[in-house]
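What follows is each chain in one-letter form.
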Protein chains: 2
Amino acid sequence: MKIAVDAMGGDYAPTEIVKGAIEAAQEAKTEIVLVGNKIVVQPLLQEYSPANSQLSLVDAPEVISPEEHPTKAVRTKRYSSIMVGINMLRPGEASAFVSAGSTGAIVTASALLLGKIKGVERPAITILLPTPTSFSLLLDVGANVDCKPAFLVNFAQLGKIYMEKVFNIKNPRVGLLTTGEEKMKGNRLCRESHKLLKDSNLNFVGNIEGKDIARGLVDVIVTDGFTGNMVLKVIEGLGETIFDFFEQILTSDTRFQETAPLFKPVLGAFAKKLDYSEQGGAPLLGVNGNVIIAHGRSRSKAIKNAIYLAHRAAQLKVAEAMVNGFAEQVNTSFPSRNKLSLKPNRLLITERPE
Amino acid sequence: MKIAVDAMGGDYAPTEIVKGAIEAAQEAKTEIVLVGNKIVVQPLLQEYSPANSQLSLVDAPEVISPEEHPTKAVRTKRYSSIMVGINMLRPGEASAFVSAGSTGAIVTASALLLGKIKGVERPAITILLPTPTSFSLLLDVGANVDCKPAFLVNFAQLGKIYMEKVFNIKNPRVGLLTTGEEKMKGNRLCRESHKLLKDSNLNFVGNIEGKDIARGLVDVIVTDGFTGNMVLKVIEGLGETIFDFFEQILTSDTRFQETAPLFKPVLGAFAKKLDYSEQGGAPLLGVNGNVIIAHGRSRSKAIKNAIYLAHRAAQLKVAEAMVNGFAEQVNTSFPSRNKLSLKPNRLLITERPE
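Given the structure is predicted, the values throughout are model-derived calculations rather than measurements.

A.B. asks: Explain the pairing of strand β6 (residues 135–139) of chain B residue by residue, including any values.
C.D. replies: All names here are of chain B. A large share of β6 lies buried, amounting to four of its five residues. Here five bridges tie strand β5 (residues 124–130) to β6, and the two strands are oriented antiparallel to one another. Residue pairing in the sheet places L129 in a bridge with S136 of β6. Where β5 folds back onto β6 in an antiparallel hairpin, the turn is made up of four residues. The pairing of β6 with strand β9 (residues 220–222) spans three bridges and is classified as parallel. What sits directly across from L137, in β9, is V220.

Structure, rendered in structure tokens:
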């Protein structure tokens with residue numbers, strides 16, 4: 001099983017990506033293909049892991065930066081690490097792809113090269129939120145910033161199938177993220193989505209308020225990509241800010257002078273629980289392939305964990321399971337197996353530039 | 001100086017409201033008028049504070065519940081505690097109004113009875129977010145769930161004047177809450193608002209990500225009321241969830257067996273810092289009167305603090321300062337003083353029902 005890893009994406013690329021890939025290759029005993037500019041990645045591989053048979057390199061001389069317009073970048077930079085890496089999933093050359101690069105470009109390139117699963121209107125990025133006893137799946141967290149109500153129903157379907165197929169949760173409970181429990185609460189999108197979800201055959205339990213997001217009241221929480229991303233970043237930021245607050249309390253309050261050093265490991269254990277890098281990345285659901293989007297600020301540990309997540313997705317055949325799930329859901333005889341490489345695509349990469 | 005307090009609004013009304021009002025009257029030495037159904041409030045006053053000269057009661061036999069449609073409720077329940085209480089601000093009978101009732105009804109009733117300040121398109125609810133060294137003003141946190149880009153510029157103006165007039169911050173830095181630093185990041189509303197803010201005469205420093213919201217990078221953070229409310233509730237919920245997480249870490253990890261009891265007061269000090277009830281309420285800016293919206297889950301302490309906030313707003317003449325600020329901003333000779341009671345209104349309460 002081969003995992004393709006974008007060596008050029010993220011704030012700390014390529015060094016931290018190469019380091020994370022080396023760690024994952026050693027620990028997980030999985031074959032990893034780094035995709036990136038040979039001129040810069042080759043020396044790093046030589047430096048950190050000179051003779052590693054589990055690591056190889058595929059040249060992709062172009063880089064898409066997060067500042068570029070996704071659609072334009074994807075169309076003009078066919079030999080970028082994102083395009084080359086995702087393209088490796090099509091003939092089954094790789095089983096999953098990991099990138100900490102431009103989210104917009106990854107989503108656009110995935111839809112273009114791999115195609116959307118039949119029944120999916122918009123692919124969505126998902127994340128598992130820790131709850132006191134388990135976790136909830138939140139989606140979309142950034143693929144679609146402007147949504148129509150029908151998209152949110154589609155996200156709920158994606159989430160339902162993912163929880164059923166990957167975590168064996170039967171008929172998962174679905175909640176709509178909004179600003180109040182009553183059905184008319186929230187903005188126009190929420191109010192209209194609420195109606196559609198209620199009329200669907202999903203196990204829709206109603207609205208979930210932001211304050212209840214981490215309480216584990218439902219298995220799947222749906223929202224538009226702007227709100228989902230905002231919520232995620234607020235949680236992430238608050239996790240970091242909490243340490244400043246504790247630091248301030250522990251140093252300024254004389255009551256805690258002697259005990260302060262004892263709290264350090266407690267805070268450490270807490271940090272580990274909130275730390276996004278422990279989870280590694282967010283699966284992009286709804287495309288014909290296993291794509292994991294890692295955080296732009298990923299360092300080697302986060303990349304290593306994202307590769308683990310990709311490895312697990314490939315082992316569990318998540319993309320195929322999603323195809324099957326949608327086929328069952330729409331109750332058709334849509335043939336779902338081995339479809340990954342057969343999907344027709346408008347864009348075909350036939351040769352590399354000189 | 002008289003503060004009118006809605007005795008019927010909030011999850012724990014009327015008992016906790018009455019208790020909070022009694023505490024505030026005792027500690028702050030301010031005159032408080034409870035507004036609510038005489039039949040239920042009078043016995044509570046008798047029970048908890050039989051002969052308090054600083055507390056009086058104005059009868060308002062109707063109650064608006066949070067489930068009711070705000071506009072309809074405001075138009076049909078003219079003798080509700082919200083309508084009667086806000087109406088007391090018009091002739092200067094009270095200097096500020098506090099309510100933990102339906103946010104929608106408070107906003108609608110305020111706009112209707114007090115009128116919007118000249119230059120304000122949409123009033124906004126504001127909250128001070130604690131930062132490591134100071135605070136930032138976040139608005140709107142719930143008055144306008146569906147916004148146009150121009151509204152966000154208006155919120156920025158409200159925030160700027162509030163910070164200048166109330167906190168003496170010169171030319172406050174304004175940030176737009178969105179999902180990335182780059183100007184094209186975020187949803188359509190954010191991208192269009194960014195352009196308008198950039199072209200305005202405000203001290204606009206750019207986009208603020210959710211993760212940086214508590215870092216104090218700007219003085220005023222603008223967002224639509226849906227996103228603002230969501231962010232606020234996520235922070236609130238996370239504050240509560242954190243305790244469950246710590247509880248779990250402290251009890252399940254044997255390393256912390258001995259330090260666990262010592263950690264309790266640290267958590268307590270931290271809780272106090274995050275506790276919304278310490279702040280009490282959120283001012284509604286942009287209407288011709290000092291209106292403070294308290295949390296629906298307010299208990300007596302939160303109500304007491306909301307009354308303090310209202311008292312401070314009345315002392316500082318916040319509503320008048322906002323009128324002056326807008327008048328200066330639009331550079332007209334708009335007469336701003338003593339305007340509170342002169343504003344013409346479409347709805348006039350002339351007599352009480354039998």
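Having seen the structure, we can now continue with the description.
A.B. asks: Any chance you could break down the domain arrangement of chain A for me, citing the residues and the numbers?
C.D. replies: Residue and element names in this part refer to chain A. Domain boundaries assigned for chain A yield domain 1 (1–120 + 286–354) and domain 2 (126–278). For domain 1 versus domain 2, the separation of C-alpha centres amounts to 26 Å. Each partner contributes residues to the interface: domain 1 has 17 residues there, and domain 2 has 13 residues. Looking at the side of domain 1 that touches domain 2, the elements that each hand over two or more residues are α5 (103–113), α11 (300–315) and α12 (318–329).

A.B. asks: Could you give an account of the packing of helix α6 (residues 149–167) of chain A against α12 of chain A, with specific residues and numbers?
C.D. replies: Residues and elements named next belong to chain A. Across the interface, α6 lies against α12 with an axial gap of 9 Å and an inter-helix angle of 120°. In this structure, the crossing between α6 and α12 has a hand that is right-handed. Two secondary-structure elements touch here, α6 through Q157, I161, Y162, E164, K165 and V166 and α12 through V318, A321, M322, G325, F326 and Q329. Tallied by class, the residues present in the contact of α6 with α12 amount to seven nonpolar, three polar and two charged.

A.B. asks: I'd love a proper account of the sheet that holds strand β8 (residues 204–209) of chain B, names of residues and values included.
C.D. replies: All names here are of chain B. Taken in spatial order, the 11 strands line up as β3-β2-β1-β4-β11-β10-β5-β6-β9-β7-β8 in an open sheet, and their pairing is mixed. Each having just a single partner strand, β3 (55–59) and β8 make up the two edges of the open sheet. Here the strands of the sheet are splayed against their neighbours by 30° on average, with no regard to which way each runs. Its contacts with the sheet put helix α2 (residues 38–48) on β2 (31–36) and β3, and the angle it makes with β3 is roughly 165°. Each of β5, β6, β7 (174–178), β9 and β10 (281–285) is contacted by helix α6 (residues 149–167), which is oriented at about 160° to β9, the strand it contacts most.

Thresholds, definitions, all that
Sequence order as written defines residue numbering, which begins from 1 separately in each chain. Chains carry letters from A onward and ligands carry numbers from 1 onward, assigned in written order. Where local features are concerned, this predicted model is filtered to residues with pLDDT of at least 70; where side-chain atom pairs are given and counted, the filter is 80 or more; whole-chain, interface and lining totals use all residues. Buried residues are those with 20 or more other C-beta atoms within 10 Å of their own C-beta, exposed residues have 12 or fewer, and partly exposed residues lie in between; C-beta atoms are placed from the backbone. Helix and strand assignments follow DSSP, with helices taken as H or I runs no shorter than four residues and strands as E runs no shorter than two, numbered in order from the N terminus. Note on pairing: DSSP must find at least two bridges between two strands before they are called paired. What marks off one domain from the next here is an automatic or database domain assignment. This entry defines residue contacts through backbone-placed C-beta atoms, with two residues in contact when those atoms are within 7 Å. Only the contacting stretch of a helix is used when fitting its axis, a line to C-alpha atoms as for every element, and angles between N-to-C directions run 0 to 180 degrees. For any pair of crossing helices, the crossing counts as left-handed if the nearer helix is rotated counterclockwise from the farther one by less than a right angle, and right-handed if it is rotated clockwise. When residues are grouped by polarity, Ala, Val, Leu, Ile, Met, Phe, Trp, Tyr, Cys and Pro land in nonpolar, Asp, Glu, Lys and Arg in charged, and all others, Gly among them, in polar.

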